[in-house]
Amino acid sequence: MNETYRALAEFAQTWGLVYFVAIFLCVLAYALNPRRKSEFDEAARLPLSED
C-alpha cells in the first residue's frame, strides 16, 4: 500500500473518531441542559395543540 494513503487513513480514523465524539458530547450537553427544558416541553406539546 502507498505510505501516504496509509498515513492519511490512519489520521482520518483517529481524528475522525475524536471529532464525532466531540460533536456527540456537544449535542448531548445541549439536549440535557436544564435551561432548554421549557423549549423542549413546548416542542413536545406542539403536535397536540390546535391552531
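Reading the values: rules and limits
Residues numbered from 1 in each chain as written. Predicted model: local features only at pLDDT ≥ 70, side-chain atom pairs only at ≥ 80, totals over all residues. Heavy atoms only, no water. Salt bridge = Lys/Arg side-chain N within 4 Å of Asp/Glu carboxyl O. Helix = DSSP H or I, 4+ residues; strand = E, 2+ residues; numbered from the N terminus. Phe/Tyr/Trp six-rings, centres within 6.5 Å; stacked < 30°, edge-to-face > 60°. Buried < 20%, exposed > 50% of the residue type's maximum accessible area, 1.4 Å probe, protein only. Expected span 1.5 Å × (residues − 1). Polar contact = N/O pair within 3.5 Å; in protein donor to acceptor, adjacent residues only side chain to side chain.

Asker: Is there a simple way to think about the pattern of salt bridges in this case?
Answerer: Opposite charge on two side chains permits pairing when their charged atoms draw close. Taken as a whole and judged by the stated rule, the model has three salt bridges. Between Arg36 and Glu39 there is a salt bridge, with the nearest N and O atoms lying 3.4 Å from each other. A salt bridge links Asp41 to Lys37, with the nearest nitrogen and oxygen atoms 3.1 Å apart. Residue Asp41 and its partner Lys37 are located together in helix H2 (residues 37–45), separated by four residues, close to a single helical turn.

Asker: What should I look at first to understand the packing of aromatic side chains in this one?
Answerer: Geometrically, a pair of aromatic rings is defined through the distance of the ring centres and the angle of the planes. Taken as a whole and assessed by the stated rule, the structure comprises two aromatic pairs. Taking the centre distance of 5.3 Å and the plane angle of 70° together, the rings of Tyr19 and Phe20 count as edge-to-face. Note on Phe20: relative accessible area 59%, which makes it exposed. For the ring pair Tyr30 and Phe40, a centre distance of 5.9 Å and an interplane angle of 90° mean the geometry is edge-to-face. Highlighted residues: Tyr30 in helix H1 (residues 3–31) and Phe40 in helix H2, separated in sequence by ten residues. When its relative accessible area of 39% is taken as the criterion, Tyr30 is described as partly exposed.

Asker: I tried to follow H1 on my own but got confused; where do I start?
Answerer: An α-helical turn contains 3.6 residues, so any two residues separated by three or four positions project in the same direction. Relative to the 42 Å expected for 29 residues at 1.5 Å per residue, H1 spans 42 Å between its end C-alpha atoms, a close match to the ideal helical length. For H1, the side-chain oxygen to backbone nitrogen distance between the N-cap and Thr4 is 3.3 Å, and the N-cap itself is Asn2.

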